[in-house]
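A closer look at the structure
Listed below are the residues making up each chain.
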Amino acid sequence: MASPNLGIKEHSHGDVELPISKLDVHGSFDVDALPVPTGREEEWRFTPLRRLRGLHDGRDISDGSVKVETRAPAGVTVETGVGSDDPRLGTSFLPTDRVSALAYRDFDKFDGATVVTVPKETEVSEPVFITTTGTEQGDAYGHVLVRVERHASATVVLEYAGSAVYADNIEFIVDDGAKLTVISLQDWDTDAVHVAHQYTKVGRDARFKSHVVTLGGDLVRISPKVGYTGPGGDAELHGLYFTGDNQHHEHRSLIDHNVSNTRSRVNYRGALSGEGAHGVWIGDVIIGEGTEGTDSYEHNRNLALTDGTRIDSVPNLEIFTGEVEGAGHASASGRLDDIHLFYLQSRGIPEDEARRLVIRGYFAELINTIEIPELRDRIMDEVEEKLARHE
């Protein structure tokens, strides 16, 4: 078997058959070539389709409105209103589900794409902020392309807020020797629906790091996918989600080690509290045929803070070569450790405060890897605020 190539696209946007493992499917930019999900498919079986409110079947409810604002430091080029006929768009991916294809077909109806370019050998000291705010309920689609050229370095913050039924494709292209850090914060209002595909190409000796933080929304489903275009590429995917009453938070990562001597680390942590809270983490890693020197590991942990929650955690690892540096995965879900709580309470700390301290420590390891202090503090404050609401 051959591994998938996330970087292949026919510029005519015709069908391309992706030969791979059972983890992948055929892809196309043609919406009609991709079936409407029924919920029986492996990739959709955990998602409550009725709560997608039409995003998955393309019903003509395109009456929503979102506002996309970008703030970038000097030296970074920002283009807005870019149309789908721009040859730079869609080069890093092929939609493998109907939602992604619909978002690509229809984003022109919603003010076009946002394209951010960091020129070669430019080190950007301040983050680029791309803020998407839902202003009217109803379906809406978006597209963002971030390209960090050779030996450049940048940090990009994607922030989602407001009320919307929204699907978008995000492309991250990290050229040879470049570095890109992305923080994606889903802080939607409680009635929002968001389905996002984040596609990344990592070049030779390039580094990509992402932090996905999901706190808001009614239903949020984020699918980060990473492929490599040269040896020495390094990708780290970190994630945090706090899922409350009747919220559905789903994260589905796919790392395709389609090139030799590449590295990846995936580390997601979730906490769930309240009746009907549902957290889903699917972690897929493919180590392609003929590759060697791959170093990969993925880890997911979940805390169920109350009764009435549901956790689905599924790591998948498929290896098609015998020349692997390292590969593994781990998944653990359970309650707060009574020993930790007892230790703190025995030293005079009230039970509620002891719970907060344990959960703060549980999330702090991931939050502290975010290198923007004000954003790091804000996320921790929101986690503690949400914890207080669910005590």
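Residues numbered from 1 in each chain as written. Predicted model: local features only at pLDDT ≥ 70, side-chain atom pairs only at ≥ 80, totals over all residues. Heavy atoms only, no water.

Moving on, we get to the sheet that holds strand β1 (residues 65-71). The strand order across the open sheet formed by 9 strands is β1-β4-β6-β8-β10-β12-β14-β16-β18, and the pairing between neighbours is mixed. On the outer flanks of this sheet lie β1 and β18 (324-334), each paired with one strand and no other. Pairs of neighbouring strands in the sheet enclose a mean axial angle of 10 degrees, with direction left out of account. Here β1 pairs with strand β4 (residues 128-136) via 7 bridges, running antiparallel. (Pairing = 2+ DSSP bridges. Helix = DSSP H or I, 4+ residues; strand = E, 2+ residues; numbered from the N terminus. Axes fitted to C-alpha atoms, helices over the stretch in contact; angles between N-to-C directions.)

If you walk through the whole model with that rule in mind, you get 2 cavities of 30 Å³ or more. When its volume is computed, the largest cavity comes out at roughly 70 Å³. Lining the largest cavity are His211, Val212, Val213, His238, Gly239, Leu240, Leu366, Ile367, Thr369, Ile370 and Ile379. Secondary structure elements with two or more residues in the lining of the largest cavity: β10 (207-214), β12 (234-243) and α3 (351-367). (1 Å grid on protein atoms, 1.4 Å probe; cavity = no way out; pocket = protein on both sides within 12 Å on 5 of 7 lines; lining within 4 Å. Points joined across faces, edges and corners; volume = space filled by probe spheres on them.)

Okay, the packing of aromatic side chains next. In total, this model carries 12 aromatic pairs according to the counting rule given. Relative to Tyr104, the ring of Phe93 lies with its centre 6.0 Å away and its plane at 70 degrees, an arrangement referred to as edge-to-face. Placement of Phe93 in the loop between β2 (77-82) and α1 (98-106) and of Tyr104 in helix α1 is noted, with a sequence separation of 11 residues between them. The residues Phe93 and Tyr104 share a single accessibility class, namely buried. Note on Phe110 and Tyr141: the rings are 6.1 Å apart at their centroids and 65 degrees apart in plane angle, and the pair reads as edge-to-face. Separated by 31 residues along the polypeptide, Phe110 in the loop between α1 and β3 (113-118) and Tyr141 in strand β5 (residues 139-148) bring together distant segments of the chain. Following the ring pairs from residue to residue traces out a cluster consisting of Phe29, Phe93, Tyr104, Phe107 and Tyr199. (Phe/Tyr/Trp six-rings, centres within 6.5 Å; stacked < 30°, edge-to-face > 60°. Buried < 20%, exposed > 50% of the residue type's maximum accessible area, 1.4 Å probe, protein only.)

One non-glycine residue, Asp111, lies in the positive phi region at around 70 degrees. Here Asp111 shows up in the loop between α1 and β3. Accessibility expressed as a relative area gives 62% for Asp111, which makes it exposed.

Within the secondary structure, His257 is located in strand β13 (residues 248-257). Within the local environment of His257, its side chain forms a polar contact with the side chain of Ser264, the two groups lying 2.8 Å apart. (Polar contact = N/O pair within 3.5 Å; in protein donor to acceptor, adjacent residues only side chain to side chain.)

Its volume calculated, the second largest pocket comes out at about 400 Å³. As for the second largest pocket, its lining consists of 19 residues, of which Ser153, Ala154, Thr155, Thr181 and Glu371 are closest to the centre. Listing elements by their share of the lining of the second largest pocket, those giving two or more residues are β6 (153-162), β8 (179-186), β10 and β12. Here the lining of the second largest pocket takes 4 residues from β8, the largest share from any one element. Broken down by class, the residue content of the lining of the second largest pocket amounts to 7 nonpolar, 4 polar and 8 charged. (Nonpolar A, V, L, I, M, F, W, Y, C, P; charged D, E, K, R; others polar.)

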